[in-house]
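Examining the three-dimensional arrangement
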Amino acid sequence: MIWIIIIGMAIVTMIPRIIPAFIVEKLQFRDWVNRWLSAIPYAALGALIFPGIMSVKADQPHLGMFGGIVAIVLAYLGVHIILVVIAAIATVYLLT
Amino acid sequence: MMQKGFAKGFPIMVGYIPIAITYGVLAKQAGMSLTELTLMSMLVFAGASQFMGANMIAVGAGAIEIIVATFVLNFRHFVMSLSFMNRLRGSALKWKLPMSMGLTDETFAVTAIHPKEANMKNGMFFYAGIMVTAYFSWVAGSFLGGVVGEIIPERLSQSMGIALYAMFIGLLVPSVKKNKKIALIAVLAMLINALCVQLGMSTGWAIVLGTIIGGSAGIFLLKEEQA
């Protein structure tokens, strides 16, 4: 089962990366498709963050929220992403 | 040129190793073996989707959900790859193919601020250097995480579960700072996702729907910027 997942993930990760190598010379998108594509990463990130973040500690949803708020503040201040990650881990660790 | 690429890839290495270790720890907890989680890093080489995959495996999501969610999540690489390949128009396909495979958010970001090398002699070795550095630190870090996962205290490894979300926040917030409408797109996706979960949909499909419907708001919201 896990092998099917790994191979499937590898294939669907490869496809979007590799197709442009073949088609970039001849491609012209409609504007709205471009706008949709450019919004996808942000929508994906949003959907991945919430409500999943509340399940970091299944019995204490507020812990994930606190960690998330620390991450938002630090990221907004321009702190490097790795420090954002470490600070969020530390927050949850200390509050546990 | 290759060495110059290694040097520019170094910050990616510093950023990747702890995240890769965290991935290894989580993947181990999700029930994956050391071989499986390392192979996933070697074959998939996409941080966010591997975290998501491990999480979804842990909650018992089905293979198709995980694969579709991965596809939707990684579709952003299509846009990045288009932009990067556009810059490499003059290069041979034998270079473009491995370059496209080494594309991640981070390698894309670093190559994007070094556009000149695309037209330089042996410039491809510069980009290859960045990607090789990123790839090996990611794979090695994952393996290491899978190894230390056993000896790490449970309170710490549980707390590391936030790492994935903190990384997504860390990727999202700088974009929101540049364009507030991006926050609206992300929040809309969050709400659609939460609603789908409330309606009893599985995590995987909820994320897929949240992304596709939430992202379509960008068709209207990102209008002025593109025009």
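See above for the structure.
Residues numbered from 1 in each chain as written. Chains lettered and ligands numbered in written order. Predicted model: local features only at pLDDT ≥ 70, side-chain atom pairs only at ≥ 80, totals over all residues. Heavy atoms only, no water.

1. Quick notes on the overall build of chain B
Where we set the bar: Only DSSP runs of H or I with at least four residues qualify as helices, and only runs of E with at least two residues qualify as strands; both kinds are numbered from the N terminus onward. The globule rule used for comparison is 2.2 Å times the number of residues to the exponent 0.38, while the radius of gyration itself is calculated over C-alpha atoms. For the exposure calls, accessible area comes from a 1.4 Å probe over protein chains only, and a residue counts as buried if that area is under 20% of its type's maximum, exposed if over 50%, partly exposed in between. Residue-level accessible areas treat just the shown protein chains as cover; the underlying method is Shrake-Rupley with a 1.4 Å probe.
Counting its secondary structure elements, chain B contains 13 helices and zero strands. Taken from N to C terminus, the helices and strands of chain B fall in the order α-α-α-α-α-α-α-α-α-α-α-α-α. Taking 17 Å as the expected radius of gyration for a compact globule of 227 residues, we find that chain B reaches 19 Å, a close match to that expectation. With respect to the principal axes defined by its C-alpha atoms, chain B has extents near 55 × 50 × 30 Å. Residues counted as buried form 56% of the 227 residues belonging to chain B. On chain B, roughly 9,500 Å² of surface is accessible, and the fraction owed to carbon and sulfur atoms is 70%.

2. Side note on the packing of aromatic side chains
Residues and elements named next belong to chain B. As a reminder, the rule being used: Only Phe, Tyr and Trp rings take part, Trp by its six-membered ring, and two of them pair if their centres are within 6.5 Å. Stacked means planes under 30 degrees apart, edge-to-face means over 60, and tilted covers everything else.
Here the structure, examined in full by the defined rule, presents ten aromatic pairs over all chains. For the pair Phe45 and Tyr135, a centre-to-centre distance of 5.0 Å together with 75° between the ring planes defines the contact as edge-to-face. Of the two residues, Phe45 is situated in the loop between helix H2 (34–44) and helix H3 (47–58) and Tyr135 in helix H8 (residues 123–148); the sequence distance between them amounts to 90 residues. Exposure remark for Phe45: the relative accessible area of 4% places this residue in the buried category. For Tyr135, a relative accessible area of 24% gives the class partly exposed. Residues Trp95 and Phe125 carry aromatic rings whose centres are separated by 5.2 Å and whose planes lie at 75° to one another, so their mutual orientation is edge-to-face. Taken together, the residues span a long stretch of sequence, with Trp95 in helix H6 (residues 93–101) and Phe125 in helix H8 at a distance of 30 residues.

3. Description of helix H11 (residues 180–198) of chain B
Quick note on the threshold: Expected helix span is computed as 1.5 Å times (number of residues minus one). Only heavy atoms enter the contact rule, under which two residues are in contact if any of them lie within 4.5 Å. Polar contacts here mean pairs of N or O atoms no more than 3.5 Å apart (in protein, one a potential hydrogen donor and the other a potential acceptor; neighbouring residues in sequence count only if both atoms are side-chain atoms).
The first and last C-alpha atoms of H11(B) sit 27 Å apart over 19 residues, in line with the 27 Å expected at 1.5 Å per residue. Contacts from the buried residues of H11(B) go to helix H2 (31–49) of chain A together with helix H10 (163–178) and helix H12 (203–221) of chain B. The residue sitting at the N-terminus of H11(B) and contributing the capping side-chain oxygen is Asn179(B); that oxygen lies 3.0 Å from the backbone nitrogen of Lys181(B). Of the residues trailing H11(B), Gly200(B) is marked for its positive phi of about 95°.

4. Things to note about the packing of H2(A) against H12(B)
Note the threshold: For helices, the fitted axis covers only the stretch in contact; all axes are lines through C-alpha atoms, and the angles between them, taken along N-to-C directions, range from 0 to 180 degrees. An angle counts as roughly parallel when it lies under 35 degrees, as roughly antiparallel when it exceeds 145, as roughly perpendicular when it falls between 65 and 115, and as oblique in every other case. Throughout, a crossing is termed right-handed when the near helix is turned clockwise from the far one, and left-handed when it is turned anticlockwise from it by less than a right angle. In this count, Pro and Cys sit with the nonpolar residues alongside Ala, Val, Leu, Ile, Met, Phe, Trp and Tyr, while Asp, Glu, Lys and Arg are called charged and the others, Gly among them, polar.
Two numbers describe how H2(A) lies on H12(B): the axes approach to 6 Å, and their chain directions differ by 135°. Relative to H12(B), the element H2(A) is oriented oblique. Read as a crossing pair, H2(A) and H12(B) show a hand that is right-handed. Two secondary-structure elements touch here, H2(A) through Trp32(A), Arg35(A), Trp36(A), Ala39(A), Ile40(A), Ala43(A), Ala44(A), Ala47(A) and Leu48(A) and H12(B) through Ile207(B), Gly210(B), Thr211(B), Ile212(B), Gly214(B), Gly215(B), Ser216(B), Gly218(B) and Ile219(B). When its residues are assigned to classes, the contact of H2(A) with H12(B) shows eleven nonpolar, six polar and one charged.

5. Regarding the environment of Trp95(B)
Residues and elements named next belong to chain B. On the accessibility criterion, Trp95 (24% relative accessible area) is partly exposed. Sequence separation of Trp95 and Ala128 is 33 residues, and the distance between their C-alpha atoms is 9.1 Å. Those residues in contact with Trp95 that lie beyond four places of it in its chain are Met124, Phe125 and Ala128.

6. Quick word on the interface of chain A and chain B
As a reminder of what qualifies: Two parts placed together each lose some accessible area under a 1.4 Å probe, and the buried area is that loss summed for both. A carboxyl oxygen of Asp or Glu within 4 Å of a side-chain nitrogen of Lys or Arg is what we treat as a salt bridge.
Contacts between the two partners involve 66 residues from chain A, matched on the other side by 84 residues from chain B. With both chains or domains summed, chain A and chain B bury close to 6,900 Å², and 79% of this area falls on carbon and sulfur atoms. Ranking the residues of chain A by area buried against chain B places Arg17(A), Arg35(A) and Leu48(A) at the top, with a combined share of 12%. Summed over the shared surface of chain A and chain B, the number is zero salt bridges. Our count for the chain A to chain B interface comes out at 13 residue pairs in polar contact (both at pLDDT 80 or more). Listed by contribution, the elements that provide at least two residues to the side of chain A that touches chain B are helix H1 (2–23), H2, helix H3 (61–76) and helix H4 (81–95) of chain A. Counting residues per element, the side of chain A that touches chain B draws most heavily on H1(A), which supplies 19 residues. Along the lines of polarity and charge, the residues of the side of chain A that touches chain B split into 51 nonpolar, eleven polar and four charged.

7. With respect to unusual backbone geometry
Between Phe50(A) and the following residue, Pro51(A), the backbone shows a cis peptide bond with an omega angle of 5°. Mapping Pro51(A) onto the fold places it in the loop between H2 and H3. Despite not being glycine, Phe45(B) shows a phi value in the positive range, around 45°. Phi angles above zero are rare outside glycine, and Asn122(B) is one such case at about 60°. For Asn122(B), the position within the fold is in the loop between helix H7 (105–112) and H8.

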